[in-house]
Every structure is written in structure tokens, then in C-alpha cells.
Number of protein chains: 2
Amino acid sequence: MLTQLKTFLKERKIDFFLLPNSDEFFSEYLAEDKKIIQQLTGFTGSNATVIFSSKKDQKSFFFTDGRYILQAKNQLDLNEFEICDLATTPLLSKLSKDVKLGVDPKLTSVVFAKTLQKKFPSVELVETTGSLAPKWSRQARPAGSYFSLPNKITGADSKTKITQVLQGFEADALLLTKPENICWLLNIRGRDLEFTPIFLTYAILFKSGEVELFSQKIPSLKKEIKKIQIDESTTNYWLYSELQKHELELINKPDPIDLLKSQKNPREIFGAIKAHEEDGIALAKFLFWLSNQDSTDEISAAKKLLELRQESPNFFSESFSAISGFASNGAVIHYHSTPETNKTFSARPRNKCGVTLESVESELHNKYEAKTDNKHQESVALQESVTPHLLRGLAKLDSLYLIDSGGQYLSEDFCGTTDVTRTVAIGNPSAEMCENFTRVLKGHIALARAKFPRGTSGAQLDALAREHLWRAGLDYQHGTGHGVGSFLSVHEGPCGISKRAHQELLPGMILSNEPGFYKEGEYGIRIENLMLVEAAEEKNFLKFRTLTLAPIDLDLINFKMLTYPEKKWLKNYHQEIHEKFAKKLSQENEIWLKEICEKFEFSS
Amino acid sequence: MLTQLKTFLKERKIDFFLLPNSDEFFSEYLAEDKKIIQQLTGFTGSNATVIFSSKKDQKSFFFTDGRYILQAKNQLDLNEFEICDLATTPLLSKLSKDVKLGVDPKLTSVVFAKTLQKKFPSVELVETTGSLAPKWSRQARPAGSYFSLPNKITGADSKTKITQVLQGFEADALLLTKPENICWLLNIRGRDLEFTPIFLTYAILFKSGEVELFSQKIPSLKKEIKKIQIDESTTNYWLYSELQKHELELINKPDPIDLLKSQKNPREIFGAIKAHEEDGIALAKFLFWLSNQDSTDEISAAKKLLELRQESPNFFSESFSAISGFASNGAVIHYHSTPETNKTFSARPRNKCGVTLESVESELHNKYEAKTDNKHQESVALQESVTPHLLRGLAKLDSLYLIDSGGQYLSEDFCGTTDVTRTVAIGNPSAEMCENFTRVLKGHIALARAKFPRGTSGAQLDALAREHLWRAGLDYQHGTGHGVGSFLSVHEGPCGISKRAHQELLPGMILSNEPGFYKEGEYGIRIENLMLVEAAEEKNFLKFRTLTLAPIDLDLINFKMLTYPEKKWLKNYHQEIHEKFAKKLSQENEIWLKEICEKFEFSS
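Residues numbered from 1 in each chain as written. Chains lettered and ligands numbered in written order. Predicted model: local features only at pLDDT ≥ 70, side-chain atom pairs only at ≥ 80, totals over all residues. Heavy atoms only, no water.

(A) Representation of the overall build of chain A within the structure. Helix and strand counts for chain A stand at 18 helices and 29 strands. Per-residue burial over chain A gives 59% buried out of 604 residues. Across chain A, contacts joining residues at least 24 apart in sequence account for 69% of those joining residues at least 6 apart. Here chain A has roughly 24700 Å² of accessible surface; of this, 50% comes from carbon and sulfur atoms. (Helix = DSSP H or I, 4+ residues; strand = E, 2+ residues; numbered from the N terminus. Buried < 20%, exposed > 50% of the residue type's maximum accessible area, 1.4 Å probe, protein only. Contact = heavy atoms within 4.5 Å. Areas by Shrake-Rupley, 256 points an atom, 1.4 Å probe, with all protein chains shown as cover.)

Quick look at the structure:
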């Protein structure tokens, strides 16, 4: 197939062809037939842009980020591809100005196309969807079907949303290119993608309030339509060229639906809470099941969790492909377990030496209270002297298991999207693992407990989640939080929690809180809950409400490193879970959950 | 004088005249003869822009920020001026497009002049320094004199600095308009201003390395000079117009000296450390003196501190006019005590009930450890039950005294600039005051102890200092930190710690750490130390080293709200002060200092 592409390029006298791992909607999760890069290179990760060389003897350039470098090295033919890290090698740095560069206009945003046109005078926009395209090219997809959500689920009818969008609108029409925004606006959903319940379409919203959907051809426009507003950063160049043919004035502004959609209304919030209750029961069952497994593996565990989610009649689909990784696989941030990489591990027995967390904790508390600090060395010394069993196991089965997963839920009454990560002790994890888990947990709790004045952005809060890792010279190479949709994309803008997230946080936004720590080749830690932004008691202050309900593995906590308010947060969190789920679980499962809550008795 | 101005404007047919509180160098601290706004309005604060109306019956608009609104209301004639808060009323919002607006080109940056020209087609740049100017106008100043600093003080000779500045420089010459940058570059200082030891001048640095100073007239340029680089945000419009007359190509870029100057070299760091030692001794003497005063007042206390600083032969000047405020005056962030506002207070005796901090602490510790939280209500209840004496005094003399001051130091061996704020208990401050002081302190310590990866900006760290106040629904309306010069401006760019401070923090930068809390009409709290950014033990991590050495009032701390690492930081901090100063203080003063350190014995 690569040979076919090179021949095609040579025929067109194109030196290089730039292909992003994307579709014409810039979707995060691609339909199977849009995974062209996977077909051409074998790479299964999400972030990739390939600059294919048309010459036989010249390698093509494969660009990705730090999360995927290792994976790319394993999956790609290194005789054909040179792997480049985007952090150190800018995408266009490998090309000289005079090359003839080809790009697919449907896969290139207007903003990026304009950058390319400035930099490469000989750039050619190579239509690969039409008759010229060879076999490898993406085919036009027949439009999928959609279904409607009733107002009692969406909380606002489409007409009201359209009025909101058009408030202060100055053009004659608005081009909408994000399917999830169109689905939100029209209260519809679809099944075009595996994980995001949307219907793939473009639309034009007219100032009159009318909406016209289209996918292959721009609808014919009335004469009155002179100015059309588009978002150049998320509109592909093909659409842009088509609009230009209509002699319209194009006004470039951010898509106004992004911000409106991110602020959930009371019914959407209700849906999120209900979805998290359904999801939490599955997680309580899963973590109990896991604690009783003599042997399981990454793929089987993820399958079990999916089955437990499917027990709910309201489960619609996963919200993304679950990340299920043991030990070193947990350190691969966007790991996808395959039969070749699948690790087996035993989740029980733990704490069999008659040493319970309470007794260790109490012993530590009495003997060392005054002298300890959070310093690494002192803590290690402590662990060694008091809890030798925790250090005993350096066997490779003593490590951590990380599972990051989520569901889409839809009932007659509500809908919602979940995303949750838990890290579980397997065997006897090392003191270092427990310390780093506790640092991640301290960051997670700091963010969950944060209160902040209106006007604060996620960029300002990001350090609260990192402070304790930083103090030990540690960090994680991903954002702390992303926005989450309402029965829509699990990753949704414009809000977030990271150094680049400058959007002001507003009531009704739902964000993830997911600090982590990854030791390459050894283990990975991540603790992820979703949180809702809501008004605080104090005027002009906001706070978070944690939506996710799933026990956190107390066996991984070095309680000496926690402050009293942190312990209290943990205690309240687990008590809430027990109160909500006690009657919905089997007797053994309920007892297991109750025992977790009882571990906090010593500090109450 | 106001009448004179109005007549002048009418003669020129100018409707409004916009006058900022500034000089032609945009200096932070103005020389006496440049305080035109003070002369015209009576306002003594720093941030002010007045839009004078030429009409007799129309009020002029006086713009300032939240810190100065109250002060402006007290100092201005409200029949003549309408006071506008810049936070809610944009500067130009009061003017219609068609007015004829006058501005002084020497007091207007190029960037602002261009904005005005766009918005007001009839804008006129009214030269007020020349012969046309009436009596109220600023006079041309004779150039002051300067003195040189030896390389052993500056750590780098001027030639080396010039080479640094010209690295990768693409124009033929660089216009320098910031006197402190020119002083840094040439290793000179001057006495043109009261608090900043600089010499007011402009300069042109040629690509050859030559530097020409000027103030009244652009020097004649050789023919080879075709491109000149300027920083439009800090160059006044008069200079810009003069350069335009020379038919030069003007390239707009940030002044490269800003960033170079902010990263102190080893000799500059040595100077900062030495200056803080000198300053710390004065502060230790002052705080001891204060604790023994039966009666003093804001002006006398500030005078005493200045006298104690002057005991050092290396003291050069204050680095700004000290802020010395008791009770409600402490809540005025940029307060300047005058004979009219000066408050008297008694600093002793405190803790006379035989209840020492240790005994209170120990009692609290035993009785309430498990049950307390940081919550306001519980803490208040605790204080009431255990430490009634702390609540007894609601007399108006039971409050807080805040003093923010700094010095410029110059010896044969070193130079440096200091800036420090301490808040001191007067009488028996309320439990609320102690709680809020402790919240401010927790933020201060969190920042002082912070470690962070290279690439982190002050904007990312700002929340660490606010987190604990925010959690109680409180905040402060100023940045957490500003850069500080090396025997230069006490406020120096481009680094800072605030939500807008996006400059990456780099080793050698010196910043203030000054969280606060202000309850209008009641009291003010601020704890300010200067910190140096330096490499941490861990690769690619940076940390802060606190430079300021001055006891923090332990009587204001609610120790129950501190974590162990916070207490340890406090203990180490005071021990360092004692070790450094013990031999340099009187016996009584040393004992006083030692007793502060001993208060930490209970937690060691």
C-alpha cells in the first residue's frame, strides 16, 4: 500500500505528502475506514502525522509525541520511517522551502493550510476523496442515521439553544463543522463512531434559525446570505474553498457552541450524576471482583469491567477504549493492551501477614510522629523498620495495575458520559510506589477540595495537583484535566486544567481531575474522577463537586504523608460511596466496601 | 493651576487632555518636579490618569484602580473630578469619537499613541515640554550625574553585557529607553530619583558595541544606520517621531535587556544575600524595639526602622516610601501615612496572662487533635474554649500593624535591593485575625517551599499562595510577587508571580513572595520575603531560596492550622536568623530572638 502511495505521488510530481491521523471532522476517535495511517504504517496510537516521501530511497517522517515514541518504534518499519518527537522536532522542520508538498484539503484546517501556503509556495492541495484517489484513499461515507433526545433529558429544546447561539450574532449564517456541536444544538445523537454517540455531519445555521445539514456538498444558499461565520481552526480547507466559490464574506470566529455546550444545565447535571451512580456500581463490583482474582490479565480485566457496566440497562457504549495496564504497561500513558503485550497478574492475597493498614499506621504514628517528614529517605527508612513485609516483594508481580475507562449512559430519563481511572496494588507494592501514589492522591484531593474566585482558569489551578510531586522532583507529562461532554465526547473543549487551559471555569462545566505519575519500564499511577464546577457558599467563589464514585485503593496510601483534611476528604468520599451503593451490592461486596470505610476509624 | 490648564486647552481648541501620572521614562517613582497630577489634583497615589475637560462646567475624569479609589475620594475636589475605577470603566469609554483629544507625546508610549490615533481621528499630540507649555508643564531636567560600579560588584563588565545583548541582533542599532536597563548595561548608577539609584537617560547601542547617551536630542546617526530596533511599549511617542524624521526602518521588539538583567549572576546574588543580611539586622532590632514600645505611631515606627537601617554604613537609601499602617490603615494596600491619618498604638505588653504559645498549643493538641479541621467555625469554637484571652480584647487597640519597606545597599564589595513586609500583633488580636494571618502564612510557606520543573511560569505558581485563603472564600487583590533589581528598581520585569505573569522563571531571578489579606476598615495582613530562583537537586527542577531574614510574629499564628512541614519550615527559618544575627545584636535583643526559636521546641 505504501508503494501504491509513492507511485501516486510520483505521478503527480509531489515530493512529500503530509497526512495527519484525522478525518474530515477532525474527530478524536476515527471510524475504522478512516484509520489510513494505521493501514499505511501499522501504528495504532492516536497522535500521528506522517510526511511521506515519494522517493523510494528516502525515508518518510513519522511525527508523534512523547507518549507514543516507544510504541512507534515497535510498530513501524524503521527502514521506511524516521520517527520524530514533536517536542524537539517541529513538524515542518524537515522540509526545505522549495519542495512540492501535497496535503488533503479535507484533512487540513484552514489555519494550517494558510501556514503551509505561506511557507511552501509549491504546496498542492491533493483531493484524495474523489476519482483520482487510489485505493488507499478514504472513501466518502454514506451519512449515518440519528435519533432524538427528549427535552427532559437535554434540559433545553433545540429552539432555545439556537436562540442562545444567535444572540448578538452579526453574520447571516454560521457554518458548523463539529458534529458534536451540531448534535448538541439539535438534541440528536448517532452511532457513527464506536465511543462518541454522534452523527457525523456538517451544518449551516441561518440567522432565521433554520438549520441545514450536509456532508458531501454545500447546500445552495439564498441570495440574502452574504456573510458567513466560520471557525478557521476547526474548518477543513475543502469546505473553505467551496464557500469561497459562493462569493461569500467569511468571518473567522471561534465556534460559539463550544462554550455554551460546556456549561451543563440542571438536567444535564442530573444526567451526569445518575450516569456516575450507574458507573460507580460497576466499578465497586469490578474492584471487589479484582481483589478476589488469583490470576487475571489486562484484557480479561477490561472485559470484566465492560460486562459489569453492561449489567446496567442504561449502558450505551464505552466512552473510549479502556486503558488496562499492569506494571510497566501502566507507565505507557495511552496504552492499549494487545495479545502480544497482555500481562497476567494476581490480585490477591494482600496483607496476609496479619499486618493491617491500621496497625501499621498506628505503629508509625506512635513511634515516629515527631520525627518524620515527607522526605523520601526518611520515609523509606521508616517503611523498612516498621513494615518489612511491604518491601519484601521485589518479585515482578508486586506492582500496580492501572485501569482508565468510561461509559456512555442513556435512559428514558437521563444521559451522561463517565471517565475514571483507578490504580490498584498487586501483591506488595514497594514503599516508593506507595509514596508516589500518595503524592498523586494529595494532588487529586487538593484539586477536588479547591475553592476559587470567579474568573479563575484551569491554568491557574493546575499546580495544585502537581505541587506534591514537584516537591519530590517528579511530574507527569499530560494535562491534569479535560472537559467532558453530556452523552457526547469524553474530551470536550474549551475548558481544561493544564498550563495551557486559559478558559475561565464556569458553573456547570464538567472536568476530569487526573494527576498521575509514570516510571518508564516499571509502573504507572493515575487517579481520575470527574468533577462539576458549581457555586460555593461564598459570594463570587466557585468549587468542585466530585461526581465519580469509586473506592481508592487505601493499601497504596502512606497515611503519614496525609494531612488531617486530606484524610477527612477520603473518609467522607468512601462513606458517600457506601451509603449510595450498600443496598445495590451483594452481601460480600457490601462488606468489602464497608471495611474500606472502617479503615478510617483511627483518624475520626 | 487647574484654571491655567483649562485656559491653555481652550486656546488650543482641545476638548480633553489625557495626562498619565508618569514621566518621559515611564518611571515608577517620579522625581518631585514630575508629580504634575499631584500638583493639579492633590492626589498622592501612584496609579492615576486624568482626562481634563477644557470646559469650565464639565468635570474632569480621574481614573485609578481599586487600591486608590478611597484615597482619591478623600484627596480630590469632587466638584471638579469624577472618580472612575479602571476595573469597571475603561479609560477611553468616557469620550466620544469626534472629540479633539490632546496628549503629551513624551508621556505616551508608541503603542498607546497608535491606539489613540485609531480611535480618535482628531487626537493632537501636544508638546508640553517646549516653549508653548504653560507654567504647570514639566520642565526639561538637566541631566544628572552618574557613578560607576566596579566589576567585582556587578560580576560582569559592560563589554561582556553588550556582547550578550547584541547576540543574534539583526538591526544596526538598539534604542534603549529604560534608564535602569542602560544603568545595568553600563554598570553605572545615579541619584536622579529618591528610591531607585539610577541616572535618567536614553541611549542608543550600535551594532559596533558603541553606546551613546542622550536626553534632549537624538544623536546624529551615521549613514550606515538603517534599521533601528525599538520597544514600542516602553518608548514614548516623541522619541518615535524624532526617529521617523531620520528615515530609519523601525523594528519593534521587546527590549532584550529586560530578560538578561532579571537573571542575576553570582556576584549579584552574593550582593543580594549580603544586602538582606544588613537589612535583616535592622529588622531584628526594629521588631524587638517595637515589642517594647508603650506607645508609638505609624510615622515614628517607619522613621525608627529607617534610622536602624541607616546604622549600616552600606545603606544607600530606602527602595520605596515605607508603608506603615495600623489597623484599618493596614488594609489600604498602598497606604502612605500622613500627619492627618497617622495612628498611635501600643505594641506591648502581649501574652501577659501566663498563657504562652506552647501551653496553648499543647492544650489544643491534646484535647482537639482528632476533631479539628481548618473550617472557620470549628476553629473559632476552639479558640473560644481554650484561649479566651485571645478573644478578650475587642478594644480598638487590639489589632494588627503592617510595615512594608526596603533598602538599597552599596558597599565596596556588593550591592543589593531589599523589600520586606511584616505584620505584627498589637494587643490581643482576634481569633479571626490569627486565622487569616495563618492562611496568608500557609500560602507564603507553600510558595517558599515550592519546587517546579523548568519551563514553569509565575502564573502557574500563583494559586499555591492563594489556595488556603480561597478555601475560606478570601483573596487579595494584588499579585503575589514581582521581580526585584540588583541595586536597581524594587519592581522589575519581566518575571512575576500572578495570573498574568507568563514569563518562565529562570535561575538567578529574584522575586517577592507577598500574599496578603485586607479587611477594609479593619486590618491588613501581608507577609513578604524576597526569594531567589535556583537549581534544585533534581535535574530540570528549580526551587526558591528565601533571602529575607526577619522574624515572623508567632503570636499571630493558629498553630493548629499548620502542617508539620510548615512548622518545620518556620522553625528552620527562625533558627537561621538566630544563627546569623546572634552575635550582632544586643544581649536583650538576642534573647528575644532566641525565645522565638524556642517556641518551636514542642514540635521538634
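(B) View of the packing of helix α17 (residues 564–581) of chain A against helix α18 (residues 587–598) of chain A. Residues and elements named next belong to chain A. Between α17 and α18, the shortest axis-to-axis distance is 9 Å and the interhelical angle comes to 155 degrees. In terms of axis orientation, α17 runs roughly antiparallel to α18. Crossing handedness for the pair α17 and α18: left-handed. Of the residues in α18, those touching α17 at H574, Q575, I577, H578 and F581 are E590, L593, K594, I596 and C597. Grouping the constituent residues of the contact of α17 with α18 by class yields five nonpolar, three polar and two charged. (Axes fitted to C-alpha atoms, helices over the stretch in contact; angles between N-to-C directions. Parallel < 35°, antiparallel > 145°, perpendicular 65-115°, else oblique. Left-handed = near helix turned anticlockwise from the far one by under 90°. Nonpolar A, V, L, I, M, F, W, Y, C, P; charged D, E, K, R; others polar.)

(C) Expanded view of the nonpolar core. In this structure, F286 and F544 of chain A together with F286 and F544 of chain B are the most contacted members of the largest nonpolar core, which totals 168 residues. For F286 of chain A, the residues in contact, after removing those within four places along its chain, are A301, K304, L305, L308, Y401 and I403 of chain A. (Core = buried A, V, L, I, M, F, W, Y, C linked by side-chain atoms within 4.5 Å.)

(D) Expanded view of the side chain of H478 of chain A. Residue and element names in this part refer to chain A. Here H478 is to be found in the loop between α16 (458–471) and β23 (481–483). Within the local environment of H478, its side chain forms a polar contact with the side chain of Y518, the two groups lying 2.8 Å apart. Not counting chain neighbours up to four residues away, the residues in contact with H478 comprise I333, R466, E514, G516, Y518 and R526. (Polar contact = N/O pair within 3.5 Å; in protein donor to acceptor, adjacent residues only side chain to side chain.)

(E) A look at the sheet that holds strand β16 (residues 323–326) of chain B. Residue and element names in this part refer to chain B. Strand order in this open sheet of three strands is β16-β18-β21, and the pairing throughout is antiparallel. Here the strands that pair on one side only, and so sit at the sheet edges, are β16 and β21 (420–426). For this sheet, the mean angle separating the axes of adjacent strands, direction not counted, is 10 degrees. Bridge count between strand β18 (residues 399–405) and β21: seven bridges; the pairing is antiparallel. In the strand pairing of β21, D404 is matched with T421. On top of the sheet, helix α11 (residues 298–310) reaches β16, β18 and β21; it is set at about 40 degrees to β18, its chief contact. (Pairing = 2+ DSSP bridges.)

(F) Looking closely at the pattern of salt bridges. Summed over all chains, the structure comprises 49 salt bridges over all chains. The salt bridge partner of D555 of chain A is K599 of chain A, with a shortest N-O separation of 3.5 Å. With a gap of 44 residues between them, D555 of chain A in the loop between β29 (541–546) and α17 and K599 of chain A in the segment after α18 connect regions that are remote in the sequence. Judged by its relative accessible area of 14%, D555 of chain A is buried. Of the residues examined, K599 of chain A reaches a relative accessible area of 23% and is grouped as partly exposed. Close ionic contact of K303 of chain B with E307 of chain B constitutes a salt bridge, the shortest N to O distance being 3.3 Å. Taken together, the residues span about one helical turn, with K303 of chain B and E307 of chain B both in helix α11 at a distance of four residues. Of the residues examined, K303 of chain B reaches a relative accessible area of 53% and is grouped as exposed. Residues joined by salt bridges that share partners form a network here, namely K261, K264 and E492 of chain A. (Salt bridge = Lys/Arg side-chain N within 4 Å of Asp/Glu carboxyl O.)

(G) How the structure looks around the sheet that holds strand β15 (residues 315–318) of chain A. All names here are of chain A. The three strands lie next to each other as β15-β19-β20, forming an open sheet whose pairing is antiparallel. Across the chains shown, the open sheet's two edge strands, defined by having one partner strand only, are β15 and β20 (415–417). Each neighbouring strand pair of the sheet contributes to a mean axis angle of 15 degrees, computed without reference to strand direction. In this sheet, strand β19 (residues 407–410) lies alongside β15 in antiparallel orientation, the contact comprising three bridges. Among the inter-strand pairings, S317 is bridged to a residue of β19, identified as Q408. Relative to β20, helix α10 (residues 266–291) is tilted by about 65 degrees, and along the sheet it contacts β19 and β20.

(H) Highlighting the packing of aromatic side chains. Residue and element names in this part refer to chain B. Taken as a whole, this structure holds 38 aromatic pairs over all chains when the rule is applied. Summarising the aromatic geometry, the rings of F43 and F62 are spaced 4.9 Å apart at their centres and angled 70 degrees between planes, so their arrangement reads as edge-to-face. With a gap of 19 residues between them, F43 in the loop between α2 (36–41) and β2 (49–53) and F62 in strand β3 (residues 60–64) connect regions that are remote in the sequence. Here the two residues F43 and F62 agree in accessibility, since each one is buried. Ring geometry for F147 versus F316: centroids 6.2 Å apart, planes at 45 degrees, classification tilted. Note that F147 is positioned in strand β7 (residues 146–148) and F316 in strand β15 (residues 315–318), a separation of 169 residues in sequence. Just above the ring of W238 sits the side chain of K106; from NZ or CZ to the centre is 4.0 Å. (Phe/Tyr/Trp six-rings, centres within 6.5 Å; stacked < 30°, edge-to-face > 60°. Lys NZ or Arg CZ within 6 Å of the ring centre and 35° of its normal.)

(I) Examining α17 of chain A more closely. The terminal C-alpha atoms of α17 of chain A, which comprises 18 residues, lie 26 Å apart, in line with the 26 Å expected from a rise of 1.5 Å per residue. Within α17 of chain A the residues assigned to the buried category are P565, E566, K567, W569, L570, K571, Y573, H574, I577, H578 and F581 of chain A. (Expected span 1.5 Å × (residues − 1).)

(J) Molecular detail of the environment of K59 of chain A. All names here are of chain A. Note that K59 resides in the loop between β2 (49–53) and β3 (60–64). On the basis of relative accessible area, K59 is assigned to the partly exposed category, the value being 38%. Between the C-alpha atoms of K59 and E82, which are 23 residues apart in sequence, the distance is 6.2 Å. Discounting residues that sit within four places of it in the chain, K59 has contacts with S53, L78, N79, E80, F81 and E82. Of note is the side chain of K59, whose polar atom sits 3.0 Å from the backbone oxygen of L78.

(K) Geometry of the pairing of strand β16 (residues 323–326) of chain A. Residues and elements named next belong to chain A. Of the two faces of β16, the one holding I323 and G325 and the one holding S324 and F326 are both buried throughout. Bridge analysis of β16 against strand β18 (residues 399–405) gives four bridges, and the strand direction is antiparallel. Looking at β18, one finds that I323 is bridged to D404.

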